[in-house]
Every structure is written in structure tokens, then in C-alpha cells.
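Chain by chain, the residues run as shown.
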Amino acid sequence: MISMQEGRLHFEFPETSDVTRYDEWTFYRRRFQNKCGEGNKAVDFICLYGETVWFIEVKDYRGHNRQKESSLPDEVTQKVRDTLAGLAAAVWNATECREVTFARNAFQQQRACVVVHLEQPRQPSRLRPRLDANLLDTLRRRLKAVGRVYVVDQTTLQTKRIPWRVHEP
């Protein structure tokens, strides 16, 4: 298993996958993030598995409310768009072999999927409401050109055909 941590969540990807934190790439930090327009963003993980490139964004609102002014669909859409643009630029302009190879491999996959791993309070309240139930529909409309979209949490992850596991240590 390949292990990655995001906040309190521990992700375990199959050995046969290739997983990266794109926002930690040298190319992203030095040449793309604030050079190709201000405030480019990145999804938390990119996973190559089978014939699919998975763009994974993790949100855990169990301990705190969403503080950002933009809506969650706006944020996820921008992160996926900026990540795709950055990967395309990395194919030609990254200087580290690992980054160039990963970017090329990403674009050789047969399909792309976007996964929003969203943990929310089990007992919603006025202080901690659950996010809009239309989140999945909104993301599907906005990201239709990219590929299939999933919104999951630890309990629903296994009901989808998603190849990794998530738990809290």
C-alpha cells in the first residue's frame, strides 16, 4: 500500500498505483503557482490507477466550519482546472524527470475522475450545517468535460468503485 495523510485522514492506495501531491512539485511551486496568473490552486492528490487519472480533493468539516468566501463547487472546479493546466504545462516545462513522467502518464490514461472526499458533522446544527445536497449535481455539471465526479466520505467510499481506502489512525 502507498500511504498518504491529509489532515486527520489516512489514505491507502494500491501498490500498483502512482500517487502524488501535485502542490508539492517543484514545477508547481517555482514555475506555475503564481507565475501563470495569480492564485493557481491544486487538488490534494492525483492518483494514476488502472486506466484512470483520479483528481482527489479532501475536505474535513467535522472539527470546523467552512471559512472560505467562495462556494465549495467553485473551489473544486478551480482546483481541477488549475491542476489540469499545470499538468499540461509540466509535460513540456518541468525540470524534474519524475514530474515530467507523471504528467505524461496522466494524459495517457483512458479516463479521468474527480473525487471530493467530504467529511461532515454526523449531527448537523445551526453552527455546523451540512453542505448543500446539490453539491454532486453542481460538480457533475461543471466538470462534465473532465470526467466522472464522486462525492464520498469514509462510509460511502467503499460503495463506489474507488480503489483506495481512507481511515483515521
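We now turn to the structure provided with this report. These numbers were taken from a predicted model, which means no experiment stands behind them. (Residues numbered from 1 in each chain as written. Predicted model: local features only at pLDDT ≥ 70, side-chain atom pairs only at ≥ 80, totals over all residues. Heavy atoms only, no water.)

Brief notes about the nonpolar core
To keep things clear, this is the line we draw: In these notes, a set of buried Ala, Val, Leu, Ile, Met, Phe, Trp, Tyr and Cys residues joined through side-chain atoms within 4.5 Å is what counts as a nonpolar core. Only protein chains enter the accessibility calculation, which uses a 1.4 Å probe; a residue whose area is less than 20% of its type maximum is buried, one above 50% is exposed, and one in between is partly exposed. Under the DSSP-based scheme used, a helix requires at least four consecutive residues in state H or I and a strand at least two consecutive residues in state E, with every element numbered from the N terminus. Note on definitions: a residue-residue contact is assigned when non-hydrogen atoms from the two residues lie within 4.5 Å.
Ranked by internal contacts, the top residues of the largest apolar core, which has 32 residues, are Tyr22, Trp25, Ile46, Phe55, Val76 and Leu87. Listing elements by their share of this core, those giving two or more residues are α1 (26–32), β4 (45–49), β5 (52–60), α2 (72–93), α3 (97–107), β6 (111–119) and α4 (135–142). A total of seven residues in this core trace back to one element, the largest contributor, which is α2. Excluding its chain neighbours within four sequence positions, the residues that come into contact with Leu87 are Tyr22, Trp25, Ile46, Phe55, Phe102, Ala103, Ala106 and Phe107. Membership of the second largest hydrophobic core comes to 18 residues, among which are Phe45, Val58, Val115 and Leu157.

Considering the pattern of salt bridges
Short version of the rule: A pairing counts as a salt bridge when a side-chain nitrogen of Lys or Arg comes within 4 Å of a carboxyl oxygen of Asp or Glu.
Enumeration over the complete set of coordinates arrives at 15 salt bridges. Arg21 is the salt-bridge partner of Glu6, the closest N and O atoms lying 2.8 Å from each other. Linking Glu6 in strand β1 (residues 2–6) with Arg21 in the loop between β3 (18–20) and α1, this pair joins segments that are 15 residues apart in sequence. The shortest N-O distance in the salt bridge between Asp18 and Arg98 comes to 2.9 Å. In this pair, Asp18 is assigned in strand β3 and Arg98 in helix α3, connecting sequence segments 80 residues apart.

Re the sheet that holds strand β7 (residues 148–152)
Going by this rule: Two strands are counted as paired when DSSP detects at least two bridges linking them. Here, axes are lines fitted to C-alpha atoms. For helices the fit covers the stretch in contact, and angles between N-to-C directions go from 0 to 180 degrees.
Spatially, β3-β4-β5-β6-β7 is the arrangement adopted by the five strands of the open sheet, whose pairing is mixed. Each edge of the open sheet is held by one strand with a lone partner, namely β3 and β7. Adjacent strand axes in the sheet meet at a mean angle of 20° when their direction is disregarded. Note: β5 against β6, nine bridges, orientation parallel. The partner of Val58 across the bridge, within β6, is His117. Strands in contact with α2 are β4, β5 and β6; relative to β5, the strand with the most contacts, it is inclined by about 140°.

Comments concerning the packing of aromatic side chains
To keep things clear, this is the line we draw: Stacked, tilted and edge-to-face pairs are distinguished by plane angle, under 30 degrees for stacked and over 60 for edge-to-face with tilted covering the rest, among Phe, Tyr and Trp rings (Trp via its six-membered ring) whose centres lie within 6.5 Å.
Inspection of every chain in the model, using the stated rule, returns 10 aromatic pairs. Residues Tyr22 and Trp25 carry aromatic rings whose centres are separated by 5.2 Å and whose planes lie at 70° to one another, so their mutual orientation is edge-to-face. Taken individually, Tyr22 and Trp25 each receive the classification buried, so the pair is uniform in this respect. Connected via pairs of aromatic rings, a cluster forms that spans Phe11, Phe13, Phe45, Trp54, Tyr150 and Trp164.

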